[in-house]
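Here is what each chain is made of, one letter per residue.
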Amino acid sequence: MKKFFCILLTILLILTLSIGAFACKAKIKADEAYRRYTYDARTDSFVAMGASLTFKDDFTTFEYTFGDNDFTIIGTVEHTDTPDSYIVVCNEEATATVTEVYRKSLIEKGADQSKIDFFDTIAQYLTPRAQYYVYDGKLFTGDAVELFREADEDSDSFEGVYRMDSSSDLVKLRGGYAYSKDENGDYTVKSGKYTTSRGILTLISLDEKGNEKYKDGVLMRKRYLMAKITIPEDGELLDKSLDEQLESSPFVSKINAEISAYSGKTIAVLCESFLSNEMQ
């Protein structure tokens, strides 16, 4: 009987810990500004990039602000369960009108050419519809994904073979090292080493001799947000962003091109930028 109660107590403890861990998983909050952070190699940290997204009215509307409240886009919000994401929608004609008016106001206020050029860079990529994926209290867009898992049976694991957004090269993360293929097609060449901490993966490049790589005296290192996306079985991902980076996402384009292979799978991704309501 004593053994039975010990087993029961152990089961209850496991269940309690499991429920507690689930309950502690961060969620997206309304009426809080989620600022955009990007990894900066010079300071080896994620730095705020002067853009923020705030959900309003119980996640039915949004405000997307650039700079120090210099320029704000508003619109409506849709939520999808698969993937877990928020799709922000604004009127295309309204966006064009607002950008035109704001540009004129910059000129009238005597803004220098560098500020006008910066605004023009942002304005040309503004789109009326964008998808922000959710993972553990953070948001990220498709153009932030730099590496993503192949569509295999364990694609939701952070260890395994990754594809790159900008090339057809593959890399395998396993046991603290990144491996590239040798001439026989096997993953034996150590091209990097990595560590993980608090949901961030740090990848350091290695040379042919296995030594850490430096460029201009700076260690070649990059940090990524570790996240996951579940690909819908009956639809595609959106590839546009309100951010000032890319007009379209190579990651999303590749997923949509092979949607039959990825359909219904949860895949691990590594993101070079993200939106968060707190400093990373």
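Residues numbered from 1 in each chain as written. Predicted model: local features only at pLDDT ≥ 70, side-chain atom pairs only at ≥ 80, totals over all residues. Heavy atoms only, no water.

On to the overall build of the protein. Scanning the protein for helices and strands turns up five helices and 18 strands. Among the 280 residues that make up the protein, the fraction classed as buried is 38%. Considering only contacts in the protein between residues 6 or more positions apart, those separated by 24 or more positions represent 54%. Of the roughly 15,700 Å² that the protein leaves accessible, carbon and sulfur atoms contribute 51%. (Helix = DSSP H or I, 4+ residues; strand = E, 2+ residues; numbered from the N terminus. Buried < 20%, exposed > 50% of the residue type's maximum accessible area, 1.4 Å probe, protein only. Contact = heavy atoms within 4.5 Å. Areas by Shrake-Rupley, 256 points an atom, 1.4 Å probe, with all protein chains shown as cover.)

Applying the stated criterion across every chain, the model contains 11 aromatic pairs. Summarising the aromatic geometry, the rings of Phe 55 and Phe 59 are spaced 5.4 Å apart at their centres and angled 40 degrees between planes, so their arrangement reads as tilted. Grouping residues by exposure puts Phe 55 and Phe 59 together as buried. Arranged with centres 6.4 Å apart and planes meeting at 55 degrees, the rings of Tyr 177 and Tyr 179 form a pair that is tilted. Since its relative accessible area comes to 11%, Tyr 179 is described here as buried. The structure contains a cluster of three or more aromatic residues connected by ring pairs, namely Tyr 37, Tyr 39, Phe 46 and Phe 274. We note Arg 174 situated over the ring of Tyr 179; from NZ or CZ to the ring centre the distance is 4.5 Å. Across from the ring centre of Tyr 177, 3.8 Å away, lies the NZ or CZ of Lys 190, which sits over that ring. (Phe/Tyr/Trp six-rings, centres within 6.5 Å; stacked < 30°, edge-to-face > 60°. Lys NZ or Arg CZ within 6 Å of the ring centre and 35° of its normal.)

With that settled, the discussion passes to the environment of Tyr 133. Structurally, Tyr 133 is set in strand β6 (residues 129–135). The exposure class assigned to Tyr 133 is buried, which follows from its relative accessible area of 1%. C-alpha of Tyr 133 to C-alpha of Thr 80: the two residues are 53 residues apart in sequence and 9.4 Å apart in space. A polar side-chain atom of Tyr 133 sits 3.3 Å from a polar atom in the side chain of Gln 131. (Polar contact = N/O pair within 3.5 Å; in protein donor to acceptor, adjacent residues only side chain to side chain.)

Let us now look at the pattern of salt bridges. By the definition in use, this model includes nine salt bridges. The closest approach of N and O atoms between Asp 40 and Arg 42, which form a salt bridge, is 3.2 Å. Residue class for Arg 42 comes out exposed when judged on its relative accessible area of 77%. Of the charged contacts, one joins Glu 212 and Lys 193 as a salt bridge, the two residues approaching to 2.8 Å between their closest N and O atoms. Of the two residues, Glu 212 sits in the loop between β13 (200–205) and β14 (214–215) while Lys 193 sits in strand β12 (residues 187–197), which places them 19 residues apart along the sequence. Three or more residues joined by partner-sharing salt bridges are found here, namely Asp 44, Arg 221 and Arg 223. (Salt bridge = Lys/Arg side-chain N within 4 Å of Asp/Glu carboxyl O.)

Taken by themselves, the reported measurements are silent on function.
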